[in-house]
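Structural features, examined
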Amino acid sequence: MDNFLIQVTGKKRVVLFSPRDAQYLYLSGTKSEVLNLDNPDLNKYPLFFKARRFECVLEAGDVLFIPALWFHNVISEEFGVGVNVFWKHLSSECYDKTDTYGNKDPTAASRAIQILDRALKTLEVLPEEYRDFYARRMVLRIQDKAFSSNYE
């Protein structure tokens, strides 16, 4: 969900990444495997340097808008209190009813990922060269049917 991070007291550093950089963030579920953003292990995560980071420091009284789908990391620089205000902007049937804070993928996206995982598992019976070929065809089809040309 979209969210306002309101810093009441103290100080926080916030690092954000566009959803367009997901391919460089080494995602495991909805989280990045890259834990040290300031000094990432580029041997283990060689594409991470391609991700464009946006960074700011929030002090008491500051408000930051964090759009839905933007990856973010928040580091408390000193003791403080922050408040998040989330809101849904998609129709209510798009959301998991048990997801109070909007941390879960929309239900259609969750189903699509499950279907993709099953499709990839189906390819496991093929020799590597065939798996590679058909997986690449699947990627091209996803790019053709789902990628938006409205970004950047």
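Going by the annotation in an unreviewed UniProt entry, the name recorded for the chain is tRNA-yW synthesizing protein 5, with Sarcophilus harrisii given as the source organism.

Focus: the packing of aromatic side chains
Considering all chains together, one arrives at seven aromatic pairs under this definition. Between the aromatic rings of F133 and Y134, the centroid separation amounts to 4.8 Å while the plane-to-plane angle is 85 degrees, which identifies the pairing as edge-to-face. The exposure class of F133 is partly exposed, given its relative accessible area of 43%. Given a relative accessible area of 33%, Y134 falls into the partly exposed group. These aromatic residues form a ring-pair network of at least three members: F4, F65 and W87.

Things to note about the packing of helix α1 (residues 107-123) against helix α2 (residues 128-146)
Two quantities define a packed helix pair, namely the angle between the axes and the distance from one axis to the other. Between α1 and α2, the shortest axis-to-axis distance is 10 Å and the interhelical angle comes to 155 degrees. Put simply, α1 runs roughly antiparallel to α2. Judged by the twist between their axes, the crossing of α1 over α2 is right-handed. Counting all contacts with α1, which are made through L116, A119, L120 and L123, the residues of α2 involved are R131, Y134, A135, M138 and I142. Partitioned by chemical class, the residues of the contact of α1 with α2 number eight nonpolar, no polar and one charged.

Some thoughts on the domain arrangement of the chain
When its domains are assigned, the chain resolves into domain 1 (2-89) and domain 2 (107-146). Distance between the C-alpha centres of domain 1 and domain 2: 29 Å.

Concerning the nonpolar core
The nonpolar side chains of soluble globular proteins are, as a tendency, buried together. By size, the foremost hydrophobic cluster in this structure holds nine residues: V15, F17, Y24, L25, V34, L37, Y45, F48 and A51. Ignoring any residue separated from it by four or fewer positions in sequence, one finds Y45 in contact with Y26, E33 and V34. The next biggest cluster of nonpolar side chains, apart from the first, holds six residues, and it includes L5, V14, L58 and L64.

Here we look at the side chain of K12
Considering the arrangement of structural elements, one finds K12 in strand β1 (residues 2-17). For the buried K12, no salt bridge exists, and the shortest N-O distance to an oppositely charged side chain is 11 Å, to E78.

Describing unusual backbone geometry
Non-glycine residue Y26 carries a positive phi angle of around 55 degrees. Considering the arrangement of structural elements, one finds Y26 in the loop between β1 and β2 (27-28). Relative accessible area serves as the criterion here: at 22%, Y26 is assigned to the partly exposed category.

Parameters at a glance
- Residues numbered from 1 in each chain as written.
- Predicted model: local features only at pLDDT ≥ 70, side-chain atom pairs only at ≥ 80, totals over all residues.
- Heavy atoms only, no water.
- Phe/Tyr/Trp six-rings, centres within 6.5 Å; stacked < 30°, edge-to-face > 60°.
- Buried < 20%, exposed > 50% of the residue type's maximum accessible area, 1.4 Å probe, protein only.
- Axes fitted to C-alpha atoms, helices over the stretch in contact; angles between N-to-C directions.
- Helix = DSSP H or I, 4+ residues; strand = E, 2+ residues; numbered from the N terminus.
- Parallel < 35°, antiparallel > 145°, perpendicular 65-115°, else oblique.
- Left-handed = near helix turned anticlockwise from the far one by under 90°.
- Contact = heavy atoms within 4.5 Å.
- Nonpolar A, V, L, I, M, F, W, Y, C, P; charged D, E, K, R; others polar.
- Domains from an automatic or database assignment.
- Core = buried A, V, L, I, M, F, W, Y, C linked by side-chain atoms within 4.5 Å.
- Lys, Arg positive; Asp, Glu negative; His and termini not counted.
- Salt bridge = Lys/Arg side-chain N within 4 Å of Asp/Glu carboxyl O.

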